[in-house]
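Overview (structure and organization)
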Amino acid sequence: MTSGGRSIPRAILDVAREEGAHLLVMSTHGRSGLGRALMGSVAEAVAHHSPIPVMLVRAGQPVTDWSAGHAAHAELLGI
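Some thoughts on the pairing of strand β3 (residues 24–28)
Side-chain alternation along β3 places Leu24, Met26 and Thr28 on a buried face and Val25 and Ser27 on a face that remains uncovered. Where β3 and strand β4 (residues 54–58) come together, five bridges link them in parallel fashion. For Leu24, the partnering residue across the bridge sits in β4 and is Val54.

Encoded structure:
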């Protein structure tokens with residue numbers, strides 16, 4: 001896979017650097033074993049080579065609403 005002569009992971013990392021990103025968040029299919037070996041993993045390559053933190057989120061996972069828990073902790077702390 002290439003984008004303008006660069007690999008896709010390299011293109012993502014180049015844009016992150018150009019934009020001054022402090023965190024990359026990427027979705028992943030969560031493949032393992034043979035599936036990852038055959039298909040490769042852009043997210044894995046980015047995470048491995050990135051100089052900034054990368055958060056990988058498995059596609060299809062429900063989003064947890066942490067705001068209710070945050071409010072409860074704030075109340076306990078008197079914030």
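Observations concerning helix α1 (residues 8–19)
Owing to its 3.6 residues per turn, the α-helix brings residues three or four apart onto one side. Taking 1.5 Å of rise per residue, the twelve residues of α1 would be expected to cover 16 Å, and the 17 Å separating its terminal C-alpha atoms lies within 8% of that figure. Listed as buried for α1 are Pro9, Ala11, Leu13, Asp14 and Ala16. Residue Gly20 follows α1 closely and has a positive phi angle near 70°.

Some remarks on the confidence of the model for the protein chain
On average, residues of the protein chain score 81 in pLDDT, and 71% of them reach the 70 mark or higher. The least confident element of the protein chain is helix α2 (residues 34–39), whose mean pLDDT is 60; the most confident is α1, at 96.

Procedures and definitions
- Residues numbered from 1 in each chain as written.
- Predicted model: local features only at pLDDT ≥ 70, side-chain atom pairs only at ≥ 80, totals over all residues.
- Heavy atoms only, no water.
- Buried < 20%, exposed > 50% of the residue type's maximum accessible area, 1.4 Å probe, protein only.
- Helix = DSSP H or I, 4+ residues; strand = E, 2+ residues; numbered from the N terminus.
- Pairing = 2+ DSSP bridges.
- Expected span 1.5 Å × (residues − 1).
- pLDDT = per-residue confidence, 0-100.

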